[in-house]
Amino acid sequence: MVPLTQLVLKVHSRCDLACDHCYVYEHADTGWRRQPRVIEPRVLEQAARRLGEHARAHRLPAVHVVLHGGEPLLAGPAVLRRAAELLRAALPADCELDLRIHTNGVRLDRAFCTLFAELGIKVGLSLDGDRAANDRHRRFADGRSSFDQVLRAAELLNTPEFRPVFAGLLCTVDVRNDPVAVLDALLALDPPRIDFLLPHATWDTPPPRPAELGATPYADWLLTVHRHWLERGRPVPVRTFDSVHRTLRGQAGTTESLGLEPVDLVVIETDGGFEQADSLKTAYDGAPATGFDVFTNSLDEVARHPGVTARQQGLAGLSAACRACPVVRSCGGGLYAHRWRTGSGFDNPSVFCGDLMRLITTIRDRVAPAVPLAAQQGRGLTEQQLDQLARGYGDGDTVRALAAEQLDLTRRLLAAVGRPAGEAWELLATLDREEPAAVDAVLAHPYVRAWAVRLLRGGESNGGARQPVEDLGGVAEIAAAAALRAGRPVELTVPVRGGAVQLPTLGRVLVGGSGPALLRGDRDGFTVRATGGAGQRIAFDQAGGERWLPVRRVELPGGWTVALEDTDPQRDSHGYPVDHRLTEEQLAGWSGALREAWELVQRDLPGYAAGIAAGLSTLTPLRPGPGGRQLSSAARQAFGAVGIARPATAPALALLLVHEFQHVKLGAVLDFHDLFDPTDRRLFEAPWRPDPRPLEGLLQGTYAHLAVCEFWGTRVRAYDGLPGAAADRAREELGRWRGHTARAVETLLATGSLTGLGERFVRGVGAGLEPWPAVPPVAPAAARLTPADAR
């Protein structure tokens, strides 16, 4: 079951506008007619109670609530205040409430804004562009324009007093409107964010498609907006475009209508009834209904409703046509409601399928190559970000800043080794100018840097053994992978190593023999022909087979997608033997274990979750150690990857993930920030190991065990006051690891070899221990649930 973290709370069921494109009043569902106009106090109270119990049961770090309608301002300030107060009071202290309201803006005045500023309620406004565009649909019942009132609302939200609560503008696309004029009108209001919505439609009631506008008018309209947005320098985030860019990079989308992320949203109507997403109102009468209500049913029951779980199946929940589509991981089948067709239900592509295909592929291939990550994030970490990392954490922005630095480093390493590579280097240089997003995606692969470092060291592997330089990979593999990712036609000679051609981030092609092979490819697939052999066409939507071994990724709730890397020869960077290609059964086992472990990390270790989602892109399965010994390792020259031998339990895997990613983060910090004197060759006691460690090794272990302390500390809190072996075990482990880590912090501070920044960082590590009680450690013993080598 996926916990529900997004709630749309209907506080009023009527509206003071009569927009003719409104899915609530003008489409198939008529449920609004049976709803009370204003939500009753007892419904508000019970809704808050249900949300609170759900947050406690799943230990949710945050929930997102939108006060909605109808027009929610019609409910009046007293109801809105009561809703905010009840929701905040019902949630546990460690669960953050992101509270918003979405309004047409007609009634928004200073009194409402003062209330929202007091209560921390962010305000989103609906506006379809300039006066001509907005008046096409957003009018009063008597035909009057609402444009001037909405402009006054936006101006009010832009005053210094209320700017902090301005969330952004939502615009519904009408292809008859001038896209450039629409964007300019929206940007003139200086919104923090813009979101463009396709008009709700189904195969039974298709969207308007004027014949003179061609086959994909919605894509063409959005692409015109997109180009103009780029020409103006991306002045504000646009959620639609951001989602396309993110999903093309393998990240989670930021909207329900793109990507394969499971939907975790529920609606509560004014009568207390639970409903599915409002967009379903466009499908058929009663489509969003669940038959549940806040008085009879819990949110856990709603989360298990077949209609809710149907939107959480990822790729498996899509039609056959969608599963075979090359852009499915970006498109995600489109909005669920837009797939409806009488007879086949939702088992169809989106009614906007052609538009989505053109929108995504054009953004990818022609209109807007993504800005490299380094340019997006800026260079270097701020002091605040370094302090955040010192305490063990690192939110998404901070880890993305680390990744930007690492990408820049990989580029410099590649330049050092790749210039003699002839045609491959020339192709890569061309792609970097014209398709930088595709190049960045390949260069961000952890083992590209591992390959470059090995080559510069003359073939030395992570464990010190030497490999022939010619077997270490090549620029040709990187260039080929980038060209295929960009959908560019390519013909390139690539090396065959171990009877296979490796395409970083994509997979491995078994061709047999040795020597060079000729790769020909385009946006749909590729052919690899070894010397004297026969080529076979491989399509990108091909699941795999005897010759094509694609990289397989696990998509998890909360925005984390991780590759289970079992194809890349450079993955042997972790100091332990790597596992062979996972069988389907092993893959399913890993996927399930990761899902359980990730749920635990999000619930118990939220301070680490955002960073992992932003920066841990690759997990390499290791072979179990002798006697089933638990093994795990980060690799100093492979940012974004960890190697783990799959443990027996989800808590063990969760601990290994957070522990090893600490090493990944600190390694990235050390690449650009001097924390200690590198000439100090002394060895220091590490309380968790029998052998002394060099200064960097002691710092790495100390930093990693900060996460171990929090892991056990959250268990001590969970078992507080409870008897039993589990509670005793948690207290024992916390005592051990907190004691070890605190001693190591003292040792580091006493070395005299820390820089000023290093001393500040280590003191931050010590401060990260403060939330966890100083329990006297037990006598040294092998921990039963610890990282493998207790570094």
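Our structure's up above, just so we're on the same page.
Here the structure is a predicted model, which is why all the values come from computation and not from measurement. (Residues numbered from 1 in each chain as written. Predicted model: local features only at pLDDT ≥ 70, side-chain atom pairs only at ≥ 80, totals over all residues. Heavy atoms only, no water.)

Visitor: Just checking my understanding: could you explain unusual backbone geometry for this structure?
Guide: Phi is mostly negative for residues that are not glycine, and the peptide bonds are mostly trans. Between G69 and G70 the backbone carries a cis peptide bond, its omega angle lying at 15 degrees. Note that G70 resides in the loop between β2 (62–68) and α2 (77–90). The backbone of R234 shows a phi angle near 50 degrees, a positive value even though the residue is not glycine. When you line up the elements, R234 lands in the loop between α7 (217–231) and α8 (239–248). Residue R234 is classed as partly exposed on the basis of its relative accessible area of 25%. One non-glycine residue, T505, adopts positive backbone phi at about 80 degrees. You can see T505 is positioned in the loop between β11 (500–503) and β12 (507–510). (Helix = DSSP H or I, 4+ residues; strand = E, 2+ residues; numbered from the N terminus. Buried < 20%, exposed > 50% of the residue type's maximum accessible area, 1.4 Å probe, protein only.)

Visitor: I keep staring at the nonpolar core and nothing clicks. Help me out?
Guide: General note: in soluble globular proteins, nonpolar side chains tend to be found buried as a group. L9, V65, L67, L80, L108, F116 and F196 are the most contacted members of the largest nonpolar core, which has 94 residues in total. Excluding residues that lie within four positions of it along the chain, F196 makes contacts with C171, V173, V182, L183, L186, W221, L222, V225, V238 and T240. Core analysis: the next-biggest nonpolar cluster, separate from the first, contains 73 residues, V554, W598, L616 and L698 among them. (Core = buried A, V, L, I, M, F, W, Y, C linked by side-chain atoms within 4.5 Å. Contact = heavy atoms within 4.5 Å.)

Visitor: Hey, could you run me through the sheet that holds strand β8 (residues 273–275) in this one?
Guide: In a beta sheet, neighbouring strands pair by backbone hydrogen bonds and run either parallel or antiparallel. Strand order in this open sheet of nine strands is β6-β5-β4-β3-β2-β1-β7-β8-β9, and the pairing throughout is mixed. Pairing within the sheet leaves two strands with one partner each, and these edge strands are β6 (194–197) and β9 (289–293). Mean inter-strand twist for the sheet, computed between neighbouring axes without regard to direction, equals 25 degrees. When strand β1 (residues 6–10) meets strand β7 (residues 265–268), the two strands line up parallel, connected through four bridges. Bridging across to β7, L9 finds its partner in I268. Running over the sheet, α2 touches β1, β2 and β3 (96–103) and is turned about 160 degrees from β3. (Pairing = 2+ DSSP bridges. Axes fitted to C-alpha atoms, helices over the stretch in contact; angles between N-to-C directions.)

Visitor: Even after reading the chapter, I still don't get the packing of aromatic side chains, so can you show me in this structure?
Guide: The geometry of two aromatic rings is summed up by the distance between their centres and the angle between their planes. Considering all chains together, one arrives at 14 aromatic pairs under this definition. Relative to F346, the ring of Y336 lies with its centre 4.3 Å away and its plane at 20 degrees, an arrangement referred to as stacked. Taken together, the residues span a long stretch of sequence, with Y336 in the loop between α12 (328–331) and α13 (353–367) and F346 in the loop between α12 and α13 at a distance of ten residues. Like F346, Y336 is buried. Centroid distance Y393 to Y608: 5.0 Å. Interplanar angle 65 degrees. Geometry classified as edge-to-face. One end of the pair, Y393, is in the loop between α15 (383–390) and α16 (396–418); the other, Y608, is in helix α22 (residues 606–615), with 215 residues separating them in the sequence. For Y393, a relative accessible area of 27% translates into the label partly exposed. For Y608, a relative accessible area of 3% corresponds to the buried category. (Phe/Tyr/Trp six-rings, centres within 6.5 Å; stacked < 30°, edge-to-face > 60°.)

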